[in-house]
Amino acid sequence: MWLIPTTGGNYDIYAFFNGSQTKWSFVDSSVPNTYNFTTVVLHEIGHGLGFKDSF
């Protein structure tokens, strides 16, 4: 189920993160086979600000 905000009208950046994902890591150290939540959020905010891959 997608939960889309219903308040306000103009969003500059909208990101959805899967809350049922079991591979999120919320610790500062590296944990094998997990995704660091802070790194993923910052990565997606970068896309929202206009940063693109340089490949």
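Residues numbered from 1 in each chain as written. Predicted model: local features only at pLDDT ≥ 70, side-chain atom pairs only at ≥ 80, totals over all residues. Heavy atoms only, no water.

Draft legend 1. Focus on the overall build of the protein chain. A count of helical and extended segments in the protein chain gives 1 helix and 2 strands. When the helices and strands of the protein chain are listed from N to C terminus, the series reads β-β-α. For the protein chain, the residues scored as buried account for 5% of the 55 residues in total. Within the protein chain, contacts between residues separated by at least 24 positions form 17% of all contacts whose residues are at least 6 apart in sequence. Of the roughly 5,200 Å² of accessible surface on the protein chain, a fraction of 58% belongs to carbon and sulfur atoms. (Helix = DSSP H or I, 4+ residues; strand = E, 2+ residues; numbered from the N terminus. Buried < 20%, exposed > 50% of the residue type's maximum accessible area, 1.4 Å probe, protein only. Contact = heavy atoms within 4.5 Å. Areas by Shrake-Rupley, 256 points an atom, 1.4 Å probe, with all protein chains shown as cover.)

Draft legend 2. Broad picture of the confidence of the model for the protein chain. Averaged over every residue, the pLDDT of the protein chain is 80; residues scoring 70 or more account for 80%. Looking over the protein chain, one finds the lowest element-wise mean pLDDT in helix 1 (residues 37–48), namely 88, and the highest in strand 2 (residues 35–36), namely 92. (pLDDT = per-residue confidence, 0-100.)

Draft legend 3. Quick peek at a nonpolar patch on the surface. There is a patch of nonpolar side chains on the surface, built from I13, L42, I45, L49 and F51 and spanning about 510 Å² of accessible area. With respect to the helices, strands and loops of the structure, L42 is situated in helix 1. The exposure class assigned to L42 is exposed, which follows from its relative accessible area of 56%. (Patch = residues over 30% accessible without salt bridge, like charges linked within 9 Å, V, L, I, M, F, W, Y side chains within 5 Å. Salt bridge = Lys/Arg side-chain N within 4 Å of Asp/Glu carboxyl O.)

Draft legend 4. Layout of the side chain of S25. Positionally, S25 belongs in strand 1 (residues 24–25). With a relative accessible area of 7%, S25 lands in the buried category.

Draft legend 5. Seen up close, unusual backbone geometry. One non-glycine residue, N33, adopts positive backbone phi at about 60°. Here N33 lies in the loop between strand 1 and strand 2.

Draft legend 6. Region of the structure containing helix 1. Here helix 1 spans 17 Å end to end across 12 residues, near enough to the 16 Å set by a 1.5 Å rise per residue. Where helix 1 begins, the capping side chain belongs to N36, and its oxygen is found 3.1 Å from the backbone nitrogen of T38. (Expected span 1.5 Å × (residues − 1). Polar contact = N/O pair within 3.5 Å; in protein donor to acceptor, adjacent residues only side chain to side chain.)

Draft legend 7. Layout of the packing of aromatic side chains. The full count for this structure, using the stated rule, is 4 aromatic pairs. Pairing W24 with F37 gives two aromatic rings, centres 5.1 Å apart and planes at 90°, and the pair type is edge-to-face. Residue W24 is located in strand 1, and its partner F37 is located in helix 1; the two are separated by 13 residues in the primary sequence. Taking relative accessible area as the criterion, W24 reaches 17% and is therefore assigned buried. Judged by its relative accessible area of 25%, F37 is partly exposed. (Phe/Tyr/Trp six-rings, centres within 6.5 Å; stacked < 30°, edge-to-face > 60°.)

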